Amino acid sequence: MYTKDGENYFIVDAHIALWDARPENQLNVHGKQFIDCFYDYHRNLSPADQLWTYEEYLYQGGKRLMKDLFEDGYVDHAIFQPAHLGEFYKNGFGQTEEAYGLAAANPTRLTYNHCFDPRNGEAGLDQLRADHERMGFKGVKLYTAEWNGDSRGYKLSDPWTYRYFEECRKLGVKNIHVHKGPTIRPLDRDAFDVSDVDHAATDFTDLNFVVEHVGLPRLEDFCWIATQEPNVHGGLAVAMPFMHSRPRYFAQIIGELIYWIGEDRIQFSSDYALWTPRWLIETFVDFQIPEDMTEYAPLTIDQKKKILGLNAAKMYDIPVPPALQLPDAAETATGPRQPERADLAGV
């Protein structure tokens, strides 16, 4: 829990990872390119006093994660969102067994989400069923630009992806997190395009689609899609550190999101270990839209509380102490929106 000026905030970090990018796990040059690009994001968007060395960035391990999030970082609960990247790393980038084991040992603090690749066909479906039987996860994280053999990406609207969504529906896996944001070398930029979210969200209205990184740099496309599709949510991973390096740009991002989809469908994410949550939480609680950006309303404390934790807690049925709930916490994400926000239903 984070406390500031007499206000208490329940914190859910909705996008974290344990990864292993050490040289001995790199399968080829692309493994080094990928983690080098990650480190460039970290180095260029972080305050100087929050920088890690390159060596410690390659692998963190569970002990450091627990300290960075729960001892130092104010986090009450965090959700793993893994990326496999089996074409770049011998044992995968996201450490499935370590992350799942850590979550199983700390169920009140950690939720483990899994991943799948629809290009694995029937064998992948069998693996998804077996993994779910063992792990019981409520969500998955998809990397549509991930390489697989000769393929350098897939779409959420592909027939095989729909087969996997149908299986998720049967298994009760309702939360589909999708990386739709800045590209990472050597992945292809266009494979992260957000347009396929529109197809999937329309055809699977009983699933939640959380667009990680809110589609950046395609924020406008994301907002128009999410306005029409009430089961589309936005994850702020990668957007958050712009509060430090480009505060007016972040003001535009959060201002547009509040205007188009409202505060009930936005989730805080540190994207650990790209960044650690402590400074992001402190900065966001203090952050305000610049007064001269009059097209956006000021951010309220209740909006910040929803974004920092209450929204993700609701999606994942994470218990929130009564004292940290808001009076309207029972309102659904598809409930009434503020009248001044865009409503395209009649267009």
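Residues numbered from 1 in each chain as written. Predicted model: local features only at pLDDT ≥ 70, side-chain atom pairs only at ≥ 80, totals over all residues. Heavy atoms only, no water.

1. With respect to the packing of aromatic side chains
Here the distance between the centres and the angle between the planes together describe a pair of aromatic rings.
Inference 1: For the coordinates displayed, the defined rule picks out 28 aromatic pairs.
Inference 2: Here W19 and Y57 contribute two aromatic rings whose centre-to-centre distance is 5.5 Å and whose plane-to-plane angle is 65°, an arrangement assigned as edge-to-face. Taken together, the residues W19 in the loop between β3 (12–16) and α1 (29–45) and Y57 in helix α2 (residues 54–57) connect sequence positions 38 residues apart. Neither residue differs from the other here; W19 and Y57 are each classed as buried.
Inference 3: Feature note: the residues W19, F34, F38, Y39, W52, Y54, Y57, Y89, F93 and Y272 constitute an aromatic cluster, connected by ring pairs.
Inference 4: The ring of Y59 carries the charged tip of R22 above its face, separated from the ring centre by 4.0 Å.
Inference 5: K305 extends its terminal NZ or CZ atom over the ring of Y9, reaching a point 5.7 Å from the ring centre. (Phe/Tyr/Trp six-rings, centres within 6.5 Å; stacked < 30°, edge-to-face > 60°. Helix = DSSP H or I, 4+ residues; strand = E, 2+ residues; numbered from the N terminus. Buried < 20%, exposed > 50% of the residue type's maximum accessible area, 1.4 Å probe, protein only. Lys NZ or Arg CZ within 6 Å of the ring centre and 35° of its normal.)

2. Side note on the sheet that holds β3
Inference 1: In spatial order, the strands read β3-β4-β5; together these three strands make up an open sheet with parallel pairing. Either end of the sheet is taken by a strand with one partner, and the two such strands are β3 and β5 (110–112). With direction set aside, neighbouring strand axes in the sheet form an average angle of 20°.
Inference 2: Direction of pairing for strand β4 (residues 77–80) relative to β5: parallel, over a ladder of three bridges. Its bridge partner lying in β5, F80 is registered against Y112. (Pairing = 2+ DSSP bridges. Axes fitted to C-alpha atoms, helices over the stretch in contact; angles between N-to-C directions.)

3. What to know about the pattern of salt bridges
Inference 1: One pass over the full model with this rule turns up 23 salt bridges.
Inference 2: A salt bridge links E7 to K305; its shortest N-O distance comes to 2.7 Å. A residue pair is termed long-range when its members are at least 10 positions apart, and E7 in strand β2 (residues 7–9) and K305 in helix α12 (residues 301–315) qualify at 298 residues.
Inference 3: Judged by its relative accessible area of 26%, E7 is partly exposed.
Inference 4: Where K32 meets D36, a salt bridge forms, and the shortest distance between an N and an O atom there is 2.7 Å. Remark: D36 and K32 occur in helix α1; sequence separation between them is four residues, near one turn of the helix.
Inference 5: Each of D20, R22 and E24 takes part in one network of salt bridges that share partners. (Salt bridge = Lys/Arg side-chain N within 4 Å of Asp/Glu carboxyl O.)

4. Brief notes about the pairing of strand β7 (residues 175–179)
Inference 1: Across the five residues that make up β7, a large majority, five, are buried.
Inference 2: Of the two faces of β7, the one holding N175, H177 and H179 and the one holding I176 and V178 are both buried throughout.
Inference 3: As defined by bridge partners, strand β6 (residues 139–142) adjoins β7 across four bridges and the pair is classed as parallel. By the bridge assignment, L142 is partnered in β7 with V178.
Inference 4: In the classification by handedness, the crossover that spans β6, the intervening helix α6 (residues 159–171) and the parallel β7 is right-handed.
Inference 5: With five bridges joining them, β7 and strand β8 (residues 208–212) adopt parallel strand pairing. Looking at the pairing, H179 lines up with E212 of β8.
Inference 6: Note that the unit made of β7, helix α7 (residues 195–203) and β8 has a crossover that is right-handed. (Right-handed = clockwise from strand over helix to strand, strands pointing away.)

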